[in-house]
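Chain by chain, the residues:
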Amino acid sequence: MKFGFDIDDTLINLRAHAFHIYNKKLGKQIPLEVFHDLKRVEIHEPFGLNDKEGKALWEQTLESIYYTDCPAFPGAVEVLNELKGKGHTIYYITARPMVHGERTKAWMKEKGFPVEDDAFFYGMNDHEKINIIQNLQLDYYVDDKPAVLNTLHEEPTTLVIKDQSYNREFTQANRLYEWEEFIPLIESRHS
């Protein structure tokens, strides 16, 4: 089978990592519980920043956010390696900007994800992911953003949403809380 995965906040805990960086950079101690209650993707509001200031801070700290010790979600690396070991094809489809694509690919390899160079797509907007997913004819696609998954609701691809505080209202996809649930989810659909 063919599996497609978003990266940020699907395979790696990027926003929580950024939240810790913001606390340190701004000299704050805002608890992670506040982060877990956020109803939007952006994380700047608890720090007293408006959208413009939040965007500027994100861009200033992007290097640290993307390329330091951002953790994979527990079990994500193992699940993707298990899928690869069973002969499935793994694709990564990220909206990370073109300038970060090759470095992100190398970083993912360093973290232990099974990455093939020709199965790593980047540099598109979220809404443009649909074209790649259609062309690849994926069996499964996993993302955290409802706006992306909404573009795919008429596709034959089985959609899975990685649970986040900002996507709990979305019910048009299988919900994944923990990566250890993924293999049983696909096995139950194919047994």
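Our subject is the structure listed above.
Bear in mind the structure is a predicted one, so any value in this text is a computation, not a measurement.

A. Focus on the overall build of the chain. Scanning the chain from terminus to terminus reveals nine helices and six strands. Here the chain has a C-alpha radius of gyration of 16 Å; the compact-globule value for 191 residues is 16 Å, and the two agree. Its C-alpha atoms give the chain principal-axis dimensions of roughly 50 × 35 × 30 Å. Of the contacts made within the chain by residues no fewer than 6 positions apart, 63% connect residues no fewer than 24 positions apart. For the chain, the accessible area works out to roughly 9,700 Å², and carbon and sulfur atoms hold 48% of it. Averaging the positions of the 22 positive and the 32 negative side-chain charges in the chain gives two centres separated by 4 Å.

B. Highlighting the nonpolar core. The biggest cluster of nonpolar side chains holds 46 residues, and the ones touching the most others in it are Phe5, Leu11, Tyr92, Phe113, Trp179 and Phe182. When residues of this core are traced back to their parent elements, those giving at least two are strand S1 (2–5), helix H1 (14–26), helix H4 (62–67), helix H5 (76–85), strand S2 (89–93), helix H6 (101–110), strand S4 (140–143) and helix H9 (182–189). Ranked by the residues each element gives to this core, the list is headed by H1, at six residues. In contact with Phe182, other than residues within four places in its own chain, are Phe3, Phe5, Val79, Leu83, Val142, Val160 and Leu176.

C. Broad picture of H1. For H1, with 13 residues, the first-to-last C-alpha span of 18 Å sits near the 18 Å given by 1.5 Å per residue. Residues of H1 that are buried: Leu14, Arg15, Ala16, His17, Ala18, Phe19, Ile21, Tyr22 and Asn23. Elements in contact with the buried residues of H1: helix H2 (32–36), helix H3 (51–60) and H4. Positive backbone phi, approximately 65°, marks Gly27, located one or two places after H1.

D. Main features of unusual backbone geometry. Positive phi values are uncommon outside glycine, yet Asp9 reaches one of about 65°. One can find Asp9 in the loop between S1 and H1. The backbone of Gln137 shows a phi angle near 55°, a positive value even though the residue is not glycine. On the basis of relative accessible area, Gln137 is assigned to the exposed category, the value being 60%.

E. The arrangement of the layout of surface pockets in detail. In this structure, the largest pocket spans a volume of roughly 620 Å³. Lining the largest pocket are 26 residues, with Val41, Glu42, Trp58, Tyr66 and Lys145 sitting closest to its centre. At the level of elements, H1, H3 and H4 are the ones that each hand at least two residues to the lining of the largest pocket. Here the element with the most residues in the lining of the largest pocket is H3; it accounts for five residues.

F. Spatial organisation of the environment of Gly4. Tracing the backbone shows Gly4 in strand S1. C-alpha separation for the pair Gly4 and Leu136, spaced 132 residues apart in sequence, amounts to 8.9 Å. Residue contacts for Gly4: discarding those within four places in its chain leaves Tyr91, Leu138, Tyr140, Tyr141 and Val142.

G. Broad picture of the environment of Leu152. Take Leu152: it is sitting in the loop between helix H8 (146–150) and strand S5 (158–162). Put simply, Leu152 and Phe19 are 133 residues apart on the chain and 30 Å apart in space, counted from C-alpha to C-alpha. With residues near it in sequence (within four places) discarded, Leu152 still touches Ile130, Ile133, Tyr141 and Leu159.

H. Here's a closer look at the sheet that holds S1. Within the open sheet, the six strands sit side by side as S3-S2-S1-S4-S5-S6. Their pairing is parallel. The sheet is open, and its two borders are formed by strand S3 (120–121) and strand S6 (174–176), each paired with just one other strand. Here S2 runs beside S3; their pairing, made up of two bridges, is parallel. The residue of S3 that forms the bridge with Ile93 is Phe121.

Cut-offs applied
Residues numbered from 1 in each chain as written. Predicted model: local features only at pLDDT ≥ 70, side-chain atom pairs only at ≥ 80, totals over all residues. Heavy atoms only, no water. Helix = DSSP H or I, 4+ residues; strand = E, 2+ residues; numbered from the N terminus. Rg over C-alpha atoms; globule rule 2.2 N^0.38 Å. Contact = heavy atoms within 4.5 Å. Areas by Shrake-Rupley, 256 points an atom, 1.4 Å probe, with all protein chains shown as cover. Lys, Arg positive; Asp, Glu negative; His and termini not counted. Charge placed at Lys NZ, Arg CZ, Asp CG, Glu CD. Core = buried A, V, L, I, M, F, W, Y, C linked by side-chain atoms within 4.5 Å. Buried < 20%, exposed > 50% of the residue type's maximum accessible area, 1.4 Å probe, protein only. Expected span 1.5 Å × (residues − 1). 1 Å grid on protein atoms, 1.4 Å probe; cavity = no way out; pocket = protein on both sides within 12 Å on 5 of 7 lines; lining within 4 Å. Points joined across faces, edges and corners; volume = space filled by probe spheres on them. Pairing = 2+ DSSP bridges.

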